[in-house]
Amino acid sequence: MKKTSPPIIGPASIHETIELPVWQRSLINLWFIVSFVIVIFSVFGHMQIAMSNDHLDLTSQAKKLFAGAKPYVDWVDVNPPMIHFIYSIPIFISHATGVFLKDVLNAYVTLLVFVSLLLSYVALLHSTASAYTRNLVVSSLALALFTVSFIHQAFGDREHLMIVLTAPWFVLFSPLVRREMVPVKWRVFIAAFAAFGFAIKPYCYIFYIATIAYWMMRGTTLKDLIKQFEHYIVIGLALIYLIAMLTYFSAWLTEIVPLASKTYWAINWLFSSKVDIIEQEFLTRYASISLVGILIVWLTAPSLYVPAINYLLFLLLACIGYYLMNGGWHYTQYPFMTYAWMLLVLVAALHFKICGKVKKKIHQRFSILLVALIFGGTMSYSYMLPALERASWDMRTTREKGHPLGTRSIEGGAAARIYYYIEQHPKFMFLATNLWGVNLESEGSPAAHVGRFDFLWFLPGIVEIAKKPHRRHEVQQLMDYLGNSLAEDLQRFKPGIIISDISPQQRSLPTSYSVIAALREHKLFMEQLANYELTETPNACNQYATQNCAYEIYVRKGAN
């Protein structure tokens, strides 16, 4: 009886069945070596950079979660809690070992990246892809996860961790891999990783849905897809997560989501236009890279354009997610940056395969040289140079702006006065629409930012709604929520000082806006504020400050 070979998913010419010429293999090996060197430098580079405001905010909230505080009651964040659980692991390790949290967090994220790369490599190893295709894909993915994340200091942030955890999933379901050839145990690990990655933010599930849509476009029925156990793992965790949100974390659904839907859109209105950002970042850079890649595939082998559409679909969804999640947040750019990168990698891998079949050597060499130039040029211009420039800047400013209390945002005379008061009264409340307050906390310092709000992200929306007279009642309800929450936190935590940002240029607020002045008519808040007296208004900042600084410092009466 004649032995039949296993079915091939997708066009047979995608899968490696021929030997690449020596010069093509040398080209891929050179890329692999250069990538390896850059990745090693990137690993050490991340160790030298201070944590960003977003990392400090996530670790601050994760510490509260680890200490037993109730999410969305004792502390408030616009994101669901999965990211905080992921951050709780380095919090626990740091607490148990005494190692600085920054070092533990960096090692933790680095380990996750290497596990992600290992799972991706295993998926490719148990497919028909050649060693050179594996080297090209995994080394490029390593650059995307380690080096490209420098651009917006995204390393370890929400969207970066989403890509880290889901990357093996996308490799497993890519046209370069035959899923049924990968051992079940590895597919379980890949699916479990992806399940946590997709759950980091609700909009991340659009990428999971896109995977299903892609394979349905390739001819796989929904019934056949449902039979694949990997989907049970992703959907199962999603259902458990939803049940937890409806029970223990119900405050996020009943209070935070409605609050965010009314106000979150206004947080960046002074600084960026979503349309401008899409035009500048997406249309001029990443979309052009993607379209060039698809054009190359279409011109050389029209039958293979479908796999490229896979990554273009993810790219477009990432752009939509970036827009919906308010384009002013830098880390939301990371998914479509990465998908554009990996689209070009896929195109290069397919093109190397296609060129191996070209009979005329001169055409083969010209074609491969063209792809190599486009590949190397776009990677350098759009990714490597910006990443290395940002890494250099971050390492330089970390050395120049370091302070025992850990801040990198408030500098000069204002910082000196704020530090003075915090050293006298370590427990403080910071009222602002930015995350500078969490910068004042650091390991080895008694400084502790108390209160449920790390920053007043909903305040700009309230100010904008207040411009519409017919919504006065809604504004009053929102201000009552703010006043009641702050009054309750002042009564519970009794901070030694209150630091209120009244800078001439506050983030997304009118000139010299004062939260305390806006709450003068709120009875409960003013009763608690009566326990404090205005002591000083430092307003001197040096050249590193991103805004003109001015603050009100209220000291608790009778405090030492």
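Quantities reported herein were computed from a predicted structural model and do not represent experimental measurements.

**Student:** Would you mind going over the overall build of the protein with me for this structure?
**Tutor:** Looking only at helices and strands, one finds 21 helices and 5 strands in the protein. Residues counted as buried form 57% of the 560 residues belonging to the protein. The contacts in the protein between residues at least 6 apart in sequence include a share of 77% that link residues at least 24 apart. Working note: accessible area of the protein is about 23,900 Å², and carbon and sulfur atoms make up 65% of it.

**Student:** Sorry, what's going on with helix α3 (residues 82–97) here?
**Tutor:** Helical periodicity: at 3.6 residues per turn, an α-helix aligns residues three or four positions apart in one direction. In this model, α3 (16 residues) spans 24 Å end to end at C-alpha, consistent with the 22 Å of a helix rising 1.5 Å per residue. Along its length, α3 shows its largest kink, about 25°, at Ser88, and proline Pro90 lies within four residues downstream of that point. Inspection of α3 places Met82, Ile83, His84, Ile86, Tyr87, Ser88, Pro90, Ile91 and Ser94 among the buried residues, and these make up the whole buried set. Where α3 is buried, its residues contact α2 (53–66), α4 (101–125), α6 (158–172), α7 (184–198) and α10 (229–246). Backbone geometry just after α3 places Gly98 at a positive phi near 80°.

**Student:** Teacher, can you tell me more about unusual backbone geometry here?
**Tutor:** Glycine aside, the phi torsion of most residues is negative, and most peptide linkages are trans. Even without glycine at this site, Tyr72 takes up a positive phi of about 65°. The topology assignment puts Tyr72 in the loop between α2 and α3. Residue classification places Tyr72 among the buried positions, given a relative accessible area of 3%.

**Student:** Just to check I follow, could you spell out a nonpolar patch on the surface for this structure?
**Tutor:** A cluster of nonpolar side chains, namely Phe32, Ile33, Phe36, Val37, Ile40, Phe41, Phe44 and Met47, defines an oily patch on the protein surface of about 800 Å² accessible area. Topologically, Phe41 is positioned in helix α1 (residues 22–48). Relative accessible area serves as the criterion here: at 63%, Phe41 is assigned to the exposed category.

**Student:** Got a minute to help me understand the pattern of salt bridges in this structure?
**Tutor:** When charged atoms on two side chains of opposite charge get close, those side chains can pair. Summed over all chains, the structure comprises 12 salt bridges. Residues joined by salt bridges that share partners form a network here, namely Asp74, Arg452, Glu488, Asp489 and Arg492.

**Student:** Even after reading the chapter, I still don't get empty space enclosed by the protein, so can you show me in this structure?
**Tutor:** Tallied over the entire structure, the rule returns 7 cavities of 30 Å³ or more. Here the largest cavity is characterised by a volume of approximately 200 Å³. Ranked by residue count, the leading element in the lining of the largest cavity is α4, at 4 residues. Considering only residue class, the lining of the largest cavity consists of 8 nonpolar, 7 polar and 2 charged.

**Student:** Is there a simple way to think about α10 in this case?
**Tutor:** Over its 18 residues, α10 extends 26 Å from the first C-alpha to the last, a length consistent with the 26 Å expected when each residue adds 1.5 Å. For α10, the elements touching its buried residues are α3, α6, α7, α8 (205–217), α9 (222–226) and α11 (250–263).

**Student:** Quick question: what am I supposed to make of the packing of aromatic side chains here?
**Tutor:** Here a ring pair, both rings aromatic, is described through the centre-centre distance and the interplanar angle of the planes. Enumeration according to the criterion identifies 21 aromatic pairs in this entry. Ring geometry for Phe430 and Tyr551: centres 6.2 Å apart, planes at 50°, overall tilted. One end of the pair, Phe430, is in strand β1 (residues 427–431); the other, Tyr551, is in strand β5 (residues 551–556), with 121 residues separating them in the sequence. The class for Phe430 is buried, based on a relative accessible area of 2%.

**Student:** Honestly, the nonpolar core in this entry has me stumped. Any pointers?
**Tutor:** As a rule of thumb, nonpolar side chains are buried together in soluble globular proteins. Counting 127 residues, the largest nonpolar core has Trp169, Phe198, Trp341, Trp457, Leu482, Leu486 and Val515 as its most contacted members. Core analysis: the second largest hydrophobic core is formed by 17 residues, Tyr419, Phe428, Cys549 and Val555 among them.

**Student:** Is there a simple way to explain the pairing of β5 in this structure?
**Tutor:** Taken residue by residue, a regular strand's side chains alternate between the two faces of the sheet. Within β5, 6 of the 6 residues are buried, which leaves the element mostly enclosed by the surrounding structure. Burial of the side chains of β5 extends over both faces: Tyr551, Ile553 and Val555 are buried on one face and Glu552, Tyr554 and Arg556 on the other. Relative to β5, strand β4 (residues 532–536) runs antiparallel, the two sharing 4 bridges. Within β5, the residue paired with Leu534 across the bridge is Tyr554.

**Student:** Looking at this structure, I do not really get the sheet that holds β4. What am I missing?
**Tutor:** To summarise the sheet geometry, strands pair through backbone hydrogen bonds and adopt either a parallel or an antiparallel arrangement. On the basis of which strands lie adjacent, the open sheet formed by 5 strands has the order β2-β1-β3-β5-β4 and mixed pairing. A single partner strand is all that each edge strand has here, and the edge strands are β2 (448–449) and β4.

**Student:** Mind showing me how you'd approach the packing of α3 against α6 here?
**Tutor:** To describe two helices that pack against each other, one gives the angle between their axes and the distance between the axes. Here α3 crosses α6 at 80°, and the two axes come no closer than 11 Å. Relative to α6, the element α3 is oriented roughly perpendicular. Residues Ile83, Ile86 and Tyr87 of α3 pack against Arg158, Leu161 and Leu165 of α6.

**Student:** For this particular structure, what's the right way to read the side chain of Ser35?
**Tutor:** Within the secondary structure, Ser35 sits in helix α1. Ser35 sits in the buried class, given a relative accessible area of 2%.

**Student:** Looking at this structure, I do not really get the packing of α4 against α6. What am I missing?
**Tutor:** Running from N to C, α4 and α6 point in directions that differ by 10°, and their axes come no closer than 8 Å. In terms of orientation, α4 lies roughly parallel with respect to α6. Here Val109, Leu112, Val113, Ser116, Leu119, Ser120, Ala123 and Leu124 of α4 come into contact with α6, specifically with His160, Leu161, Val164, Ala167, Pro168, Val171 and Leu172.

**Student:** Before we go on, may I ask you to explain the side chain of His55 in this structure?
**Tutor:** Topologically, His55 is positioned in helix α2. Apart from residues lying up to four places away in sequence, His55 is in contact with Tyr87, Gln153, Phe155, Gly156 and Asp157.

**Student:** What should I look at first to understand the pairing of β1 in this one?
**Tutor:** Of all the 5 residues making up β1, 4 are buried; the element is thus mostly covered by neighbouring parts of the structure. Sheet topology note: the β1/β2 ladder contains 2 bridges and is parallel. Within β2, the residue paired with Lys427 across the bridge is Ala448. Relative to strand β3 (residues 497–501), β1 runs parallel, the two being bridged by 4 bridges. In the strand pairing of β3, Phe428 is matched with Ile497.

The rules behind the values
- Residues numbered from 1 in each chain as written.
- Predicted model: local features only at pLDDT ≥ 70, side-chain atom pairs only at ≥ 80, totals over all residues.
- Heavy atoms only, no water.
- Helix = DSSP H or I, 4+ residues; strand = E, 2+ residues; numbered from the N terminus.
- Buried < 20%, exposed > 50% of the residue type's maximum accessible area, 1.4 Å probe, protein only.
- Contact = heavy atoms within 4.5 Å.
- Areas by Shrake-Rupley, 256 points an atom, 1.4 Å probe, with all protein chains shown as cover.
- Expected span 1.5 Å × (residues − 1).
- Bend = angle between axes of the 7 residues up to and from the residue.
- Patch = residues over 30% accessible without salt bridge, like charges linked within 9 Å, V, L, I, M, F, W, Y side chains within 5 Å.
- Salt bridge = Lys/Arg side-chain N within 4 Å of Asp/Glu carboxyl O.
- 1 Å grid on protein atoms, 1.4 Å probe; cavity = no way out; pocket = protein on both sides within 12 Å on 5 of 7 lines; lining within 4 Å.
- Points joined across faces, edges and corners; volume = space filled by probe spheres on them.
- Nonpolar A, V, L, I, M, F, W, Y, C, P; charged D, E, K, R; others polar.
- Phe/Tyr/Trp six-rings, centres within 6.5 Å; stacked < 30°, edge-to-face > 60°.
- Core = buried A, V, L, I, M, F, W, Y, C linked by side-chain atoms within 4.5 Å.
- Pairing = 2+ DSSP bridges.
- Axes fitted to C-alpha atoms, helices over the stretch in contact; angles between N-to-C directions.
- Parallel < 35°, antiparallel > 145°, perpendicular 65-115°, else oblique.

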